[in-house]
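Examination of the molecular architecture
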Amino acid sequence: ALWCLMMSLTPTRRGLLDLPWEDILIPHILCHVPLQQLLSLQRVSKSFQSLIQLYLANMRCFDSSQIGPAIPQAAFVNLLRDSKVLQQLALQDCSSWLTDKDLLPILLRNHHLHQIQLKGCVRLSRSTLVSISMNCPNLRQLSLAHCDWVDSLSLRSLADHCKALEAVDLTACRQLKDEAICYLVQKCSRLKSLSLAVNANVGDVAVQETAKCCPELEHLDLTGCLRVKNDSIRVLAEYCPKLRSLKVKHCHHVAESSLSILRVRGVELDVEPPLQRALVLLQDVVGFAPFINIQI
């Protein structure tokens, strides 16, 4: 349909570019076209190039995955050179080359960001997190999974300036210890989702402080947190009535005695009850499932 409109440019018929750009084309037509196709549309004419550049300058959401798995660095910089109203920014597909030099100018111009996805962006530094803290006061969701550069000082800056945070992913941020997590949850008490997975430095102190400071918590990922024990799970059960899911796989010191409290409440857990695991194992070994009706 868009192509038909575009090709209807004749002296006697109104075409796509005759429609009001900022009132009709950008908010009601171009927003439904995949970003990769819009970039191709720039090559049609100088007028279309100007239209797409205006669209990019007014874009609210940018997801690098919409362009493809290998967006060039120069193309990325050009795409967002005029952006000032971004609200969502997802850059996980830029992880192999994205640096502070590429990202900091975008953060400085876009103060309305409320979602940022930087999963696996290993070439950034703590300067990026400090810049996010200072320039994105309305931030609600932030993913820093597998970003080893996140340290306690930059996380403190985030906690001091972005107190409206509701979801934070700190998976495999291995520099962080209990003290840094405690500071974050004390300042950001609106958290509903938190991942501390794959962090051997996180233990009961951080989990218990999270439970006491974040009563709205719904999702918590502690996968591979080897220092977490039963006591902190019981504190979660006591202080987080809205908890909906808990991941504790590979937490070897967490037993069914604490998890059963959450099971009764219907909390989704990523580990099965011991008896059910035994029955599954028996089925795998002998090739059949015994007909046992047991209330767990």
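Throughout what follows, the structure given in this document is the object of discussion.

What counts, and where the lines are drawn
- Residues numbered from 1 in each chain as written.
- Predicted model: local features only at pLDDT ≥ 70, side-chain atom pairs only at ≥ 80, totals over all residues.
- Heavy atoms only, no water.
- Disulfide = S-S within 2.5 Å.
- Buried < 20%, exposed > 50% of the residue type's maximum accessible area, 1.4 Å probe, protein only.
- Axes fitted to C-alpha atoms, helices over the stretch in contact; angles between N-to-C directions.
- Helix = DSSP H or I, 4+ residues; strand = E, 2+ residues; numbered from the N terminus.
- Parallel < 35°, antiparallel > 145°, perpendicular 65-115°, else oblique.
- Contact = heavy atoms within 4.5 Å.
- Nonpolar A, V, L, I, M, F, W, Y, C, P; charged D, E, K, R; others polar.
- Core = buried A, V, L, I, M, F, W, Y, C linked by side-chain atoms within 4.5 Å.
- Salt bridge = Lys/Arg side-chain N within 4 Å of Asp/Glu carboxyl O.

1. Brief notes about the state of the cysteines
Inspection of every chain in the model, using the stated rule, returns zero disulfides. C94 carries a free sulfur, and the closest cysteine sulfur to it, the one in C121, is 6.8 Å from it. Overall, the relative accessible area of 0% leaves C94 in the buried class. Of all cysteine sulfurs in the structure, the one in C213 sits closest to C182, which takes part in no disulfide; the separation is 7.6 Å. C182 sits in the buried class, given a relative accessible area of 9%.

2. Things to note about the packing of helix α9 (residues 178-187) against helix α10 (residues 204-213)
Packing of α9 against α10 leaves a shortest axis separation of 8 Å and a crossing angle of 5°. Between α9 and α10, the crossing angle belongs to the class labelled roughly parallel. Judged by residue contacts, D178, I181, C182, V185 and Q186 of α9 engage V205, A206, E209, T210 and C213 from α10. Partitioned by chemical class, the residues of the contact of α9 with α10 number six nonpolar, two polar and two charged.

3. Side note on unusual backbone geometry
Most peptide bonds take the trans form, and the phi angle of most residues other than glycine is negative. A positive phi angle, near 65°, is found at H146, a position not held by glycine. With respect to the helices, strands and loops of the structure, H146 is situated in the loop between β4 (141-143) and α8 (152-161). Here A172, not a glycine, exhibits a phi torsion of approximately 60°, which is positive. Mapped onto the elements, A172 comes out in the loop between β5 (167-169) and α9. We classify A172 as buried; its relative accessible area is 0%.

4. Comments concerning the environment of A200
Relative to the helices and strands, A200 resides in the loop between β6 (193-195) and α10. Expressed as a C-alpha distance, the spacing of A200 and Q175, which sit 25 residues apart in the sequence, is 9.8 Å.

5. Thoughts on the nonpolar core
Most often, soluble globular proteins keep nonpolar side chains buried together rather than apart. In terms of nonpolar packing, the biggest core is built from 89 residues, with F62, L222 and L246 touching the most fellow members. Other than its neighbours up to four places away in sequence, L246 contacts L220, L222, I233, L236, L259, L262, V267, E268, L269 and D270.

6. As for the pattern of salt bridges
As enumerated under the stated definition, the model contains nine salt bridges in all. R156 serves as the salt-bridge partner of E179, at 3.7 Å between the closest nitrogen and oxygen. Of this pair, E179 sits in helix α9 while R156 is found in helix α8, placing the two residues 23 residues apart along the sequence. For E179, a relative accessible area of 60% gives the class exposed. Relative accessible area serves as the criterion here: at 27%, R156 is assigned to the partly exposed category. A salt bridge links E216 to K242, with the nearest nitrogen and oxygen atoms 2.6 Å apart. Taken as a pair, E216 in the loop between α10 and β7 (219-221) and K242 in the loop between α11 (230-239) and β8 (245-247) lie far apart in primary sequence, 26 residues in all.

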